[in-house]
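Residues per chain are reported as follows:
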Amino acid sequence: MADDRELILTRVRSALAPLAERAPLPDYDGDLAVMRQLIAGRDLLELFTERILQVNGLVLTDPAVLVSRLRESGWLHGYCDPGLWPGLASFFDTGFTVETVFDRSRMDDYAFGITRAAGAVAETGTIILKDESTSRRLAALAPWVHVAALKRGEILADLSQAVAALGDDPNVVWCTGSSSTADIESILVRGVHGPGVQIALVTG
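Residues numbered from 1 in each chain as written. Predicted model: local features only at pLDDT ≥ 70, side-chain atom pairs only at ≥ 80, totals over all residues. Heavy atoms only, no water.

K.L.:
How should the overall build of the chain be read in this particular structure?
P.N.:
Assigned secondary structure in the chain consists of 7 helices and 12 strands. Looking at the chain residue by residue over its 204 residues, the buried ones come to 37%. As displayed, the chain offers around 11800 Å² of accessible surface, 55% of which is attributable to carbon and sulfur atoms. (Helix = DSSP H or I, 4+ residues; strand = E, 2+ residues; numbered from the N terminus. Buried < 20%, exposed > 50% of the residue type's maximum accessible area, 1.4 Å probe, protein only. Areas by Shrake-Rupley, 256 points an atom, 1.4 Å probe, with all protein chains shown as cover.)

Put into structure tokens, the structure is as follows:
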């Protein structure tokens, strides 16, 4: 994998080397300063709640409200990260079937998946998933509803802070709202290659 990557990058560098002029880099520092000025002093949870709503996502801070929404919509069968389940089990009544082992052979059985998020970006309403903290990536992407659990202190102000906090995990998924596409006959379709409903459960 590393050799293939280096081969591709070597070819890109070779193709760029003969070019006499390069396009100037964007004024990233200036743009970043403007964005930080816009969000300066804002409560990050409040800003994240506002921004994720703009991309058809939702923030909840009470597990009881989450369970109520799942019940009202008839989403009664799902998966929960086994590390999160002890703290959430008491909110689910006998009408639910919640599994802590995700069975890939029955992925269509799961209406919802509750997984741990690595963090969130208030600026864009983005949820960050990383392999090292997400128990089953497929459980975050295959069910119609994805619930990403995170702590209030894991909400970062902007994308630059989020990138700096990524660490060395090679597999990071940025989820900005529900999955959607409009490139098929210009019709907006949700849940094509990911969840149709994206919920952030923020605690602490």
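Picking up after the structure, the text goes on.
K.L.:
I would appreciate a short explanation of the nonpolar core in the present structure.
P.N.:
As a rule of thumb, soluble globular proteins bury nonpolar side chains together. Core analysis: the largest hydrophobic core is formed by 20 residues, its most contacted members being F48, I127, I155, A200 and V202. Mapped by element, the contributors of at least two residues to this core are α3 (44–54), β6 (126–130), β7 (145–151), β9 (172–176) and β12 (197–203). The dominant element in this core, judged by the number of residues it contributes, is α3, at 4 residues. With residues up to four places along the chain from it excluded, the contact list for V202 reads L45, F48, V59, L60, T61, L150, K151, R152 and I155. Membership of the second largest hydrophobic core comes to 18 residues, among which are L84, V98, F112 and L201. (Core = buried A, V, L, I, M, F, W, Y, C linked by side-chain atoms within 4.5 Å. Contact = heavy atoms within 4.5 Å.)

K.L.:
How should the sheet that holds strand β3 (residues 97–99) be read in this particular structure?
P.N.:
The strands making up a sheet are joined through hydrogen bonds of the backbone, oriented either antiparallel or parallel. The strand order across the open sheet built from 6 strands is β1-β12-β7-β4-β2-β3, with neighbouring strands paired in parallel fashion. On the outer flanks of this sheet lie β1 (57–60) and β3, each paired with one strand and no other. Put simply, the sheet's adjacent strands are angled 20° from each other on average, direction ignored. Bridge analysis of strand β2 (residues 77–80) against strand β4 (residues 112–116) gives 3 bridges, and the strand direction is parallel. Bridge pairing in β4 links Y79 to G113. On top of the sheet, α3 reaches β1 and β12; it is set at about 150° to β1, its chief contact. The strands touched by helix α4 (residues 63–72) are β1, β4, β7 and β12; relative to β1, the strand with the most contacts, the crossing angle is about 135°. (Pairing = 2+ DSSP bridges. Axes fitted to C-alpha atoms, helices over the stretch in contact; angles between N-to-C directions.)

K.L.:
Just to check I follow, could you spell out α3 for this structure?
P.N.:
Quick reminder: α-helices carry 3.6 residues per turn. Residues three or four places apart thus point the same way. Turning to α3, its buried residues are L45, L47, F48, R51 and I52. End-on view of α3: buried residues confined to an arc of 160°, all on one side of the axis. What points out from α3, more than 90 degrees from its buried face, is the exposed set L53 and Q54. Where α3 starts, the residue carrying a side-chain oxygen 3.2 Å from the main-chain nitrogen of L45 turns out to be D43. Directly beyond the C-terminal end of α3, a positive phi value near 65° is found at N56. (Arc of directions from axis to C-beta. Polar contact = N/O pair within 3.5 Å; in protein donor to acceptor, adjacent residues only side chain to side chain.)

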